[in-house]
Amino acid sequence: MLGADGLHSAVRRVTFGPEQDYLHHLGLYVALADLPGENDSVRRSPMYNFPDHLAGIARYNDKALGVFLFRSGLIDYDHHDVDAQKMIVADAFGDTTSWKVPQLLDAVHDDGEFYFDSVSQIHMPTWHEGRVALVGDAAHCASLLSGRGTSLALTGAYILAEELAHESDDLATAFERYEARQRPYVEFAQNSVGDGAAIMVPTSWEAIAERNERFPLTLDH
Ligand SMILES: Cc1cc2nc3c(=O)[nH]c(=O)nc-3n(C[C@H](O)[C@H](O)[C@H](O)COP(=O)(O)OP(=O)(O)OC[C@H]3O[C@@H](n4cnc5c(N)ncnc54)[C@H](O)[C@@H]3O)c2cc1C
């Protein structure tokens, strides 16, 4: 059996044990909400920071999303309870009337497919056990701070398929070869998080000003 079921993999939990044994929380939460009425021919993706928080608009072709990032330790919530997740975002940003934050929070309220999760990595000593193997975020989530997660999921699946084709009678060898080939890419990506959080979500007004000097931005009012 292959588990390709993402950061909160049920296959990993059943085969390897509880998520907290493998999850490394990077101190941030992310939320995305659809912005159906948001058109901008210039295709800008503006963002607004206040300490420990970022709110922004991300545009992909004809789609626009409200983006929220905020610093927090791990929060205990039901992954299936979307309303509870919306409340967490509303609590984190609710006092802010600056920029477009209130409109973006309205979008959170209205979005039936709202996305919310911790920014975390998965670190496992091995990705296979018996006849079960994990691929993609289930095995080695690198997080949005590093990027490359989609590439890792695809290359991992490709390498695993190749090794299974070569070693169809010896699953253990196929899985070991898959891990040996894939792990260097994973370690590179997971180690490349760097100062992404400090750049995207500075912790003070001083740090925000320093970041803005380093990466000059055009504010969208
Ligand atoms: C905000 C954000 C921005 C990102 N930006 C980038 C980027 O710019 N570049 C990049 O490369 N990566 C990026 N990533 C990371 C990338 O999205 C992931 O690394 C990638 O999607 C992992 O693919 P996956 O198939 O392993 O897992 P997922 O994409 O999580 O897919 C897992 C699938 O399994 C399904 N599933 C879960 N449980 C079950 C079940 N019990 N039964 C059936 N199906 C189930 C889920 O519904 C889901 O469809 C970003 C991630 C986030 C959150």
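Residues numbered from 1 in each chain as written. Predicted model: local features only at pLDDT ≥ 70, side-chain atom pairs only at ≥ 80, totals over all residues.

A. Molecular detail of helix 2 (residues 82-93). With 12 residues, helix 2 ought to run about 16 Å at 1.5 Å a step, and its terminal C-alpha atoms sit 17 Å apart, in line with that. Elements that come into contact with the buried residues of helix 2 comprise strand 2 (23-34), strand 4 (53-60), strand 5 (63-71), helix 3 (101-110) and strand 6 (115-122). (Helix = DSSP H or I, 4+ residues; strand = E, 2+ residues; numbered from the N terminus. Expected span 1.5 Å × (residues − 1). Contact = placed C-beta atoms within 7 Å.)

B. Representation of the environment of G196 in the model. Within the element layout of this structure, G196 appears in helix 7 (residues 196-200). Between the C-alpha atom of G196 and that of L144, which follows or precedes it by 52 residues, the distance is 9.4 Å.

C. Geometry of unusual backbone geometry. Phi at W99 takes a positive value of approximately 50°, unusual for a residue other than glycine. By the secondary structure assignment, W99 is in the loop between helix 2 and helix 3. If you check the backbone angles, S143 has positive phi at about 90° while not being a glycine. In this fold, S143 is placed in the loop between helix 4 (137-140) and helix 5 (149-166).

D. How the structure looks around the pairing of strand 5. The buried count for strand 5 comes to seven of nine residues, which makes it a mostly enclosed element. Note that strand 4 and strand 5 share eight bridges and pair antiparallel. Within strand 5, the position partnered with A55 by the bridge is F68. Here strand 4 hands over to strand 5 after two residues, with N61 in that stretch at a positive phi of 50°. (Buried ≥ 20, exposed ≤ 12 C-beta atoms within 10 Å, placed from the backbone. Pairing = 2+ DSSP bridges.)

E. Representation of the packing of helix 5 against helix 6 (residues 171-191) in the model. Interhelical geometry of helix 5 versus helix 6 gives an angle of 160° and a closest axis separation of 8 Å. When the axis of helix 5 is compared with that of helix 6, the two are roughly antiparallel. Crossing angle aside, the handedness with which helix 5 passes helix 6 is right-handed. Along its contact with helix 5, which presents L152, T155, G156, I159, L160, E163, L164 and H166, the element helix 6 presents A174, R177, Y178, R181, Q182, Y185, V186 and A189. (Axes fitted to C-alpha atoms, helices over the stretch in contact; angles between N-to-C directions. Parallel < 35°, antiparallel > 145°, perpendicular 65-115°, else oblique. Left-handed = near helix turned anticlockwise from the far one by under 90°.)

F. Molecular detail of the sheet that holds strand 7 (residues 128-129). What the three strands build is an open sheet, ordered 1-8-7; its pairing is mixed. The outermost strands of the open sheet, each flanked by one partner alone, are strand 1 (2-3) and strand 7. Where strand 1 lies against strand 8 (residues 132-134), two bridges are found, and the strand directions are parallel. Within strand 8, the residue paired with G3 across the bridge is L134.

G. Fine view of the sheet that holds strand 2. The strand order across the open sheet built from five strands is 3-4-5-2-6, with neighbouring strands paired in antiparallel fashion. Both outer strands of the open sheet, strand 3 (47-50) and strand 6, are each paired with one neighbouring strand and no more. Direction aside, neighbouring strands of the sheet carry axes that sit 25° apart on average. Here strand 2 runs beside strand 6; their pairing, made up of eight bridges, is antiparallel. Residue pairing in the sheet places A31 in a bridge with F116 of strand 6.

H. Inspection of the domain arrangement of the chain at higher detail. Domains assigned within the chain are domain 1 (1-22 + 125-221) and domain 2 (25-120). Taken residue by residue, the interface counts 17 residues in domain 1 and 17 residues in domain 2. Contributions of two or more residues to the side of domain 1 that touches domain 2 are made by helix 7 and helix 8 (205-214). For the side of domain 1 that touches domain 2, the per-class residue count stands at 12 nonpolar, four polar and one charged. (Domains from an automatic or database assignment. Nonpolar A, V, L, I, M, F, W, Y, C, P; charged D, E, K, R; others polar.)

I. Here's a closer look at the packing of helix 2 against helix 3. Look at helix 2 against helix 3: their axes get within 10 Å of each other, and the N-to-C directions meet at 170°. Of the possible angle classes, the one that applies to helix 2 and helix 3 is roughly antiparallel. Mapping the contact onto sequence places K86, V89, A90 and F93 in helix 2 and V101, L105, V108 and H109 in helix 3. Partitioning the contact of helix 2 with helix 3 into residue classes produces six nonpolar, one polar and one charged.

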